[in-house]
Amino acid sequence: MNDLPFDFISRRSLIQLCRYGLIGIASNSAGYMIYLLITYLGVTPKIAMSLLYGVGAAVSFWGNRKLTFAHKGNQLGAGVRYVIAHCLGYFINLAILIIMVDKLGYAHQGVQVVAIFVVAIFLFFAFKFFVFRKTDFSSTEKL
């Protein structure tokens, strides 16, 4: 009985990780440059991150669904799970900024770089095992 999809170290998973990394490097590099620009222009780091997080999440759904994970399951169900995963990712990012910048006094520019990587790692696993999992479970399956 295979309750959980623990095939992370398979060839397929490594290909997914590489694709996820390439898409992430491209989108996060552009997003980070925009983040630096708008914070330089006076937007607070948490507001800037919030605006860019939403835009980045919306844009990356298609890329991750089709290109990274080749998901063929229910798009609406994956979309709902995607929003849930990104809400958690957003709050992880926000918590990192609040703790590291507001409480500990680190520069937001470096903290946001670290936050991008932390959230990206979280999201890869969330996408692989929750959002775009190989099998969309239905209510007709045996428990």
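See the structure shown above.
Keep in mind that this is a model prediction, so the values were computed, not measured.

Caption draft 1: Representation of the overall build of the protein in the model. The secondary structure content of the protein amounts to four helices and zero strands. By the burial criterion, 34% of the 143 residues in the protein qualify as buried. A fraction of 72% describes how many contacts in the protein between residues 6 or more apart in sequence connect residues 24 or more apart. Carbon and sulfur atoms provide 73% of the accessible area of the protein, an area that totals close to 9,100 Å².

Caption draft 2: Quick look at the packing of aromatic side chains. Applying the stated criterion across every chain, the model contains 15 aromatic pairs. Between tyrosine 32 and tyrosine 35 the ring centres are 6.0 Å apart and the planes differ by 20°, which places this aromatic pair in the stacked class. Taken together, the residues span about one helical turn, with tyrosine 32 and tyrosine 35 both in helix α1 (residues 11–40) at a distance of three residues. Assessed through its relative accessible area of 15%, tyrosine 32 is described here as buried. The buried category is assigned to tyrosine 35, whose relative accessible area is 2%. Judged by centre distance (5.2 Å) and plane angle (75°), the rings of tyrosine 90 and phenylalanine 91 are edge-to-face.

Caption draft 3: View of the environment of arginine 19. Within the secondary structure, arginine 19 is located in helix α1. Sequence separation between arginine 19 and leucine 67 is 48 residues, and the spatial gap between their C-alpha atoms is 7.2 Å. With near-sequence residues (within four places) excluded, arginine 19 lies in contact with Leu67 and Thr68. Of the polar contacts made by the side chain of arginine 19, one reaches the backbone oxygen of leucine 67; its length is 3.3 Å.

What counts and what doesn't
- Residues numbered from 1 in each chain as written.
- Predicted model: local features only at pLDDT ≥ 70, side-chain atom pairs only at ≥ 80, totals over all residues.
- Heavy atoms only, no water.
- Helix = DSSP H or I, 4+ residues; strand = E, 2+ residues; numbered from the N terminus.
- Buried < 20%, exposed > 50% of the residue type's maximum accessible area, 1.4 Å probe, protein only.
- Contact = heavy atoms within 4.5 Å.
- Areas by Shrake-Rupley, 256 points an atom, 1.4 Å probe, with all protein chains shown as cover.
- Phe/Tyr/Trp six-rings, centres within 6.5 Å; stacked < 30°, edge-to-face > 60°.
- Polar contact = N/O pair within 3.5 Å; in protein donor to acceptor, adjacent residues only side chain to side chain.

Keep in mind these values describe shape, not function.
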